[in-house]
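Spelled out from the first residue to the last, the chains are:
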Amino acid sequence: MRKIQMVDLQTQYQFIKPQVDAGMQEVLSSAQFINGPAVRNFQADLEAYLGVKHVIPCANGTDALQVAMMGLGLKPGDEVITADFTFAATVEVIALLGLTPVLVDVLPDTFNIDPDAIEKAITPNTKAIVPVHLFGQVADMDRIMDIAQKHNLFVIEDNAQGIGATHTDAAGTKVKTGGIGHVGSTSFFPSKNLGCYGDGGAIFTNDDDLAHTIRGVVNHGMYKRYHHDVVGVNSRLDSLQAVVLNEKLKLLDFYNECRKCAAIRYSQLLQDHPNIETPVTSGDCDSHVYHQYTLKIVGADRDALVQHLQQNDIPCGVYYPIPLHLQKAYVDTRYKEADFTVTNQLIDEVVSLPMHSELDEDQIQFICKTILAFLD
Ligand SMILES: *Cc1c(COP(=O)(O)O)cnc(C)c1O
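Everything numeric here is computed off the predicted structure, so don't read it as measured data.

**Regarding helix H2 (residues 37–50)**
Taking 1.5 Å of rise per residue, 14 residues should cover 20 Å, and H2 covers 20 Å from first to last C-alpha, within 8% of that figure. Those residues of H2 that fall on the buried side of the exposure criterion are Ala38, Val39, Phe42, Gln43, Leu46, Glu47, Tyr49 and Leu50. Across the axial projection of H2, the buried residues extend over an arc of 165°, all falling on one side. Away from its buried face by more than 90 degrees, H2 exposes Arg40 and Ala48. Looking at the packing, one finds that the buried side of H2 touches strand E1 (54–58), strand E7 (174–176), strand E9 (201–205), helix H7 (208–217), helix H8 (239–250) and helix H9 (252–270).

Next up, the structure:
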């Protein structure tokens, strides 16, 4: 059995090595490291894949979120509602721009932002909602878009974990995540479902004016060479990363299918145990791309299980061990513990198992056997 890893980028690279190496060599020979043809090709291919009008590549997923908020013209004092249970980058950029983050609870089954909690948190200062498609599962976008429309709010989808997932709305229309809200963002960090070999990110929108604004924001606020109309940032995707992404984008649906197969197999082997709750999908089989496969351990010691897995050379992760509203950087007197009953409980129950497109049957069986042996 191959050594089990949380993600297995070495094995994945071996399958695409000839194409990636050749593409990288081309960039080296042409020396078009910035804004070269590889970046433009990737942008166009990703627009086609997502069915979104504009993709603006940038340096990482955190920048993507920040630039999206700058492009929307959000100003200090504006309140932005997001989930208490997500990676810190989501709330970090809100705070960094001097906006007011308003964290709300999530749903106990899907781990995604709770639309009722969003509605409760809306004030006259609320300007935007940032749903996160956590662990690869589409948030409740029908309700979120309804709430946004009713209260005249922007929706910024943090799609760092959900790229390739498809949302089917009540009318049966299918839209890829990242293209549902006013603007979407993603990360190409190596371990994400579509990852490069360094840092990268992108912003998506169907709005021509917003796309134009954001293209300037990522380029020092420049719309005409050396004319700086707005305060911008420097955030670009480089050509070497675009080469990797071009190859991996062709395989993204395949990678996500492999993840789904692994998830189904895990659930078959684990779902009958009384101490285990396997992931719940709220939509159809395209609504979850399993960036993480996350169990809830109920009525048993999650931390002891984590230790036991580590002793058996099985890596695992607790995403996330501390809710954002309890992080020192983001404490706010507006929060009441009673409003975070779900996140406060999830932090003690969740454990994410190895998940990637190269997991094989032997590895999955070994992982599940080790878990079940410990809990019995
Ligand atoms: C990874 C991630 C980000 C940040 O992406 P980087 O490329 O690391 O900056 C933002 N939000 C979520 C939910 C993420 O998982």
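Back to the write-up after that little detour.
**Comments concerning the pattern of salt bridges**
If charged atoms from side chains of opposite charge come close, those side chains can pair. All told, the structure shown has 17 salt bridges when counted by the stated rule. Taking the shortest distance from any N to any O, the salt bridge between aspartate 116 and arginine 143 comes out at 3.0 Å. Taken together, the residues span a long stretch of sequence, with aspartate 116 in helix H5 (residues 115–121) and arginine 143 in helix H6 (residues 141–151) at a distance of 27 residues. Owing to a relative accessible area of 46%, aspartate 116 belongs among the partly exposed residues under this scheme.

**Describing the domain arrangement of the chain**
For the chain, the domain assignment lists domain 1 (9–249) and domain 2 (252–375). A C-alpha centroid distance of 24 Å is found between domain 1 and domain 2. Facing the 46 residues of domain 1 at the interface are 37 residues of domain 2. Between domain 1 and domain 2 the total buried area reaches about 3500 Å² when both faces are included, carbon and sulfur atoms providing 57% of it. One can count 3 salt bridges joining domain 1 with domain 2. In this structure, the salt-bridge partner of lysine 174 is aspartate 284, at a minimum N-O distance of 3.5 Å.

**Structural notes on a nonpolar patch on the surface**
A surface patch of nonpolar side chains, about 270 Å² in accessible area, is lined by Leu28, Phe33 and Ile34. In this structure, phenylalanine 33 sits in the loop between helix H1 (9–30) and H2. Phenylalanine 33 sits in the partly exposed class, given a relative accessible area of 37%.

**Digging into the nonpolar core**
In a soluble, globular protein the nonpolar side chains are often hidden away together inside. Core analysis: the biggest nonpolar cluster contains 32 residues, and Phe85, Ile118 and Ile144 have the highest contact counts within it. Broken down by secondary-structure element, the contributors of at least two residues to this core are strand E2 (79–83), strand E3 (100–104), H5, H6 and helix H11 (341–349). The dominant element in this core, judged by the number of residues it contributes, is H6, at 4 residues. Both domains that meet at this core, namely domain 1 (9–249) and domain 2 (252–375), each give it at least three residues. In terms of nonpolar packing, the next biggest core, distinct from the first, is built from 24 residues, Leu295, Leu359, Ile371 and Leu375 among them.

**Here we look at the site of the ligand**
Near the ligand, the surroundings consist of 13 residues, among which Gly61, Thr62, Asp158, Ser187 and Lys192 are the closest. Take glycine 61: an N or O atom from its main chain is 2.8 Å from an oxygen atom of the ligand. Aspartate 158 is positioned with one of its side-chain polar atoms (N or O) 2.8 Å from a nitrogen atom of the ligand. The protein chains hide 91% of the 390 Å² of surface that the ligand would expose on its own. Sorting the residues of the shell around the ligand by element identifies helix H3 (61–71) and helix H4 (89–96) as the ones contributing at least two each.

**Structural notes on the packing of H3 against H7**
Axis separation between H3 and H7 bottoms out at 9 Å; the angle between their running directions is 120°. With respect to each other, H3 and H7 are oriented oblique. The crossing of H3 and H7 is right-handed. For the pair formed by H3 and H7, the contact residues are Val67, Ala68, Met70 and Gly71 on the first element and Leu210, Thr213, Ile214 and Val217 on the second. For the contact of H3 with H7, a count of residues per class yields 6 nonpolar, 2 polar and no charged.

**Thoughts on the packing of aromatic side chains**
Tallying each qualifying case throughout the model produces 12 aromatic pairs. The interplanar angle of 85° and the centroid separation of 5.9 Å between the aromatic rings of tyrosine 13 and tyrosine 197 together place this pair among those described as edge-to-face. Taken together, the residues span a long stretch of sequence, with tyrosine 13 in helix H1 and tyrosine 197 in the loop between strand E8 (183–187) and E9 at a distance of 184 residues. Relative accessible area serves as the criterion here: at 22%, tyrosine 13 is assigned to the partly exposed category. Ring geometry for tyrosine 266 versus tyrosine 293: centroids 4.7 Å apart, planes at 25°, classification stacked. Residue tyrosine 266 is located in helix H9, and its partner tyrosine 293 is located in strand E13 (residues 293–297); the two are separated by 27 residues in the primary sequence. Like tyrosine 293, tyrosine 266 is buried. Through pairs of rings, three or more aromatic residues link up here, namely Phe85, Phe111, Phe135, Tyr319 and Tyr320. One Lys or Arg, lysine 176, reaches over the ring of tyrosine 49 and ends 5.0 Å from the middle of that ring.

Calculation rules
Residues numbered from 1 in each chain as written. Predicted model: local features only at pLDDT ≥ 70, side-chain atom pairs only at ≥ 80, totals over all residues. Heavy atoms only, no water. Helix = DSSP H or I, 4+ residues; strand = E, 2+ residues; numbered from the N terminus. Expected span 1.5 Å × (residues − 1). Buried < 20%, exposed > 50% of the residue type's maximum accessible area, 1.4 Å probe, protein only. Arc of directions from axis to C-beta. Contact = heavy atoms within 4.5 Å. Salt bridge = Lys/Arg side-chain N within 4 Å of Asp/Glu carboxyl O. Domains from an automatic or database assignment. Buried area = accessible area lost by both parts, 1.4 Å probe. Patch = residues over 30% accessible without salt bridge, like charges linked within 9 Å, V, L, I, M, F, W, Y side chains within 5 Å. Areas by Shrake-Rupley, 256 points an atom, 1.4 Å probe, with all protein chains shown as cover. Core = buried A, V, L, I, M, F, W, Y, C linked by side-chain atoms within 4.5 Å. Near = heavy atom within 4 Å. Polar contact = N/O pair within 3.5 Å; in protein donor to acceptor, adjacent residues only side chain to side chain. Axes fitted to C-alpha atoms, helices over the stretch in contact; angles between N-to-C directions. Parallel < 35°, antiparallel > 145°, perpendicular 65-115°, else oblique. Left-handed = near helix turned anticlockwise from the far one by under 90°. Nonpolar A, V, L, I, M, F, W, Y, C, P; charged D, E, K, R; others polar. Phe/Tyr/Trp six-rings, centres within 6.5 Å; stacked < 30°, edge-to-face > 60°. Lys NZ or Arg CZ within 6 Å of the ring centre and 35° of its normal.

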